[in-house]
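Listed below, chain by chain, are the residues.
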Amino acid sequence: MTKQWVAPRAGGSEVFELVDVEVPAPGPGEVTVRVRAAGVNPADAKHTRTGDPRDFPVPIGYEVAGVVSAVGPDTTIASGPVAPGDEVLAFRVHGGWTEEITLPARDVFAKPAGLGFAEAANLLLAGTTAADLIRVTAVGDGDTVLVHGASGAVGVSLLQQLRSLGARVIGTASAANADTVRRFGGEWVAYGDGLEARVRDRAPDGVDVALDCVGSDEAVDVSLAVVADRARIATIAAFGRAQDAGITAIGGTQPESAAFRDAVRQRLVDLAGSAALVVPVARTFPLTEARAALELLESGHPGGKIALLP
């Protein structure tokens, strides 16, 4: 038996319960992982707020890092051969807020030696989302890109991935987070009244692409004002505005996005292994304090990623 957080019914973190569950032995194409860190993401609570009562309880947590404790017959993981004792990370996981979990081997990757467990457990959800935004807007070398919410988890991954492509990045954030934007290669501008003018001052020759990680009317309005081609504006948050404005909204459940995000995982692991993609971790919590971890995340000021440590 192992401890695992579940949502027994629809609701946010207030309904979550830490329960005992059985860990099945891995079959062909599966591995069991002793979790050393579990990522904490807004989606963890968002995706349990509604749903068919028949689908509950729902296990919580989409990404983990840990040590392989058992391997199913004739099984290799996504990155190659595997054996008990190997350090790995995994995404897309269902029920990662746990002590031990049996997973499809196709979602498990060798953890780079220089990447800590807390960082590894927070790499791929934000990283694949960022990569998907880049894909749908076809960002390339020499593009000037406006990133709304550049100091958040997806924004920080975007800054680094865009830099590796040779793009110039202007990133919006509060003054308190200006150094984060600069640290990861962006040119900071403050959001709020006058944002459009500040962006135009930074980029008098124009902005080629806008990527929205916030979903505010300001982010959408400024993007529409400064980017000529609406096909090169994308959001992960403003779904209603996107439909009205004729811009692209993406989500991990969309078939094309899901397939791309799965396919890009190894490339992101390799980038992290070479230190070309950094995951800033602000704080860790014991597994038993998962609700407190989510409260910090939902405050909007975590200062980096958060991990649960069983």
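Note: the structure precedes this text.
Residues numbered from 1 in each chain as written. Predicted model: local features only at pLDDT ≥ 70, side-chain atom pairs only at ≥ 80, totals over all residues. Heavy atoms only, no water.

What follows covers the overall build of the protein chain. When its secondary structure is counted, the protein chain shows 11 helices and 16 strands. Relative to the compact-globule value of 19 Å for 310 residues, the protein chain shows a C-alpha radius of gyration of 20 Å, a close match. The C-alpha extent of the protein chain, read off along each of the three principal axes, is 60 × 40 × 35 Å. Relative to all contacts within the protein chain whose residues are 6 or more apart in sequence, the contacts with residues 24 or more apart total 66%. (Helix = DSSP H or I, 4+ residues; strand = E, 2+ residues; numbered from the N terminus. Rg over C-alpha atoms; globule rule 2.2 N^0.38 Å. Contact = heavy atoms within 4.5 Å.)

Right, let's talk about the pattern of salt bridges for a bit. For the structure shown, the criterion picks out 18 salt bridges. With a closest N to O distance of 3.9 Å, Asp262 and Arg265 form a salt bridge. Judged by relative accessible area, Arg265 falls into the buried class, the value being 5%. Residues joined in a network through salt bridges with shared partners are Arg92, Asp107, Asp262 and Arg265. (Salt bridge = Lys/Arg side-chain N within 4 Å of Asp/Glu carboxyl O. Buried < 20%, exposed > 50% of the residue type's maximum accessible area, 1.4 Å probe, protein only.)

So, on to helix 11 (residues 290–298). Taken together, the buried positions of helix 11 are Ala290, Ala293, Leu294 and Leu297. Looking down the long axis of helix 11, one finds its buried residues gathered within 95° of arc, a one-sided arrangement. In the core, the buried residues of helix 11 are packed alongside strand 1 (2–7), strand 3 (30–40), helix 1 (42–46), strand 15 (281–286) and strand 16 (305–309). Once helix 11 ends, the next one or two residues include Gly300, with phi positive near 85°. (Arc of directions from axis to C-beta.)

Here the focus is helix 7 (residues 217–226). For helix 7, the full list of buried residues reads Ala219, Val220, Val222, Ser223 and Val226. Of the surrounding elements, those touching the buried residues of helix 7 are strand 9 (144–148), helix 6 (195–202), strand 12 (209–212), strand 13 (233–235) and helix 8 (239–245).

At a closest axis distance of 10 Å, the pairing of helix 3 (residues 124–137) and helix 10 (residues 265–273) adopts a crossing angle of 115°. Considered as vectors, helix 3 and helix 10 are oriented roughly perpendicular to each other. Of the two elements, helix 3 crosses helix 10, and the hand of that crossing is right-handed. Between helix 3 and helix 10, the contacting residues are Leu124, Gly127, Thr128 and Ala131 on the first element and Arg265, Arg267, Leu268 and Val269 on the second. (Axes fitted to C-alpha atoms, helices over the stretch in contact; angles between N-to-C directions. Parallel < 35°, antiparallel > 145°, perpendicular 65-115°, else oblique. Left-handed = near helix turned anticlockwise from the far one by under 90°.)

Ranked by internal contacts, the top residues of the largest apolar core, which has 32 residues, are Phe16, Val40, Trp97, Leu103 and Leu308. If you tally residues by element for this core, the top one is strand 3, at 5 residues. Apart from the residues lying within four places of it in its own chain, the contact partners of Phe16 are Trp5, Val6, Ala7, Pro8, Gly11, Asp44, Ala45, Thr48, Ile60, Trp97, Arg291 and Leu294. Judged by nonpolar contacts, the second largest core, of 26 residues, contains Leu162, Ala173, Cys213 and Ala234. (Core = buried A, V, L, I, M, F, W, Y, C linked by side-chain atoms within 4.5 Å.)

Let's shift gears to the environment of Ala120. With respect to the helices and strands, the residue Ala120 is situated in helix 2 (residues 117–120). For the pair Ala120 and Asp74, spaced 46 residues apart in sequence, the C-alpha to C-alpha distance is 26 Å. If we ignore the near neighbours within four places in the chain, the residues touching Ala120 are Ala65, Leu89, Lys111 and Leu115.

All right, on to unusual backbone geometry then. A cis amide bond, omega 5°, links Phe56 with the succeeding residue Pro57. As for its position among the elements, Pro57 is in the loop between helix 1 and strand 4 (58–59). Here the residue pair Phe91 and Arg92 is connected by a cis peptide bond, since its omega of 10° sits within 30 degrees of zero. Tracing the sequence through the fold places Arg92 in the loop between strand 6 (87–90) and strand 7 (100–104). The residue Asp74 is not glycine, and still its phi comes out positive at about 50°. Secondary-structure assignment places Asp74 in the loop between strand 5 (64–71) and strand 6.

Glancing now at the pairing of strand 9. The buried count for strand 9 comes to 5 of 5 residues, which makes it a mostly enclosed element. The two faces of strand 9 match: Thr144, Leu146 and His148 on one face and Val145 and Val147 on the other face are all buried. Regarding topology, helix 4 (residues 153–165) serves as the crossover connection from strand 9 to the parallel strand 10 (residues 168–173), and that connection is right-handed. With 4 bridges joining them, strand 9 and strand 12 adopt parallel strand pairing. What sits directly across from His148, in strand 12, is Asp212. (Right-handed = clockwise from strand over helix to strand, strands pointing away. Pairing = 2+ DSSP bridges.)

This part covers the sheet that holds strand 1. Read from one edge to the other, the open sheet built from 3 strands follows the order 2-1-4, with strand pairing classed as antiparallel. A strand with exactly one partner marks an edge of an open sheet, and here the two such strands are strand 2 (17–21) and strand 4. When strand 1 meets strand 4, the two strands line up antiparallel, connected through 2 bridges. Its bridge partner lying in strand 4, Val6 is registered against Pro59.

This brings us to the sheet that holds strand 12. Read across the sheet, 6 strands follow the order 11-10-9-12-13-14 without closing on themselves; strand pairing throughout is parallel. Taken across any chain shown, the strands that pair with only one partner, and hence form the sheet edges, are strand 11 (187–190) and strand 14 (248–249). Bridging between strand 13 and strand 14 involves 2 bridges; their strand directions are parallel. Within strand 14, the position partnered with Ala234 by the bridge is Thr248. Together, strand 12, strand 13 and strand 14 form the strand contacts of helix 3, whose direction differs from that of strand 13 by roughly 150°. Lying on the sheet, helix 4 is in contact with strand 9, strand 10 and strand 12; it crosses strand 9 at an angle near 170°.

Function cannot be read off these values alone, since they describe shape.
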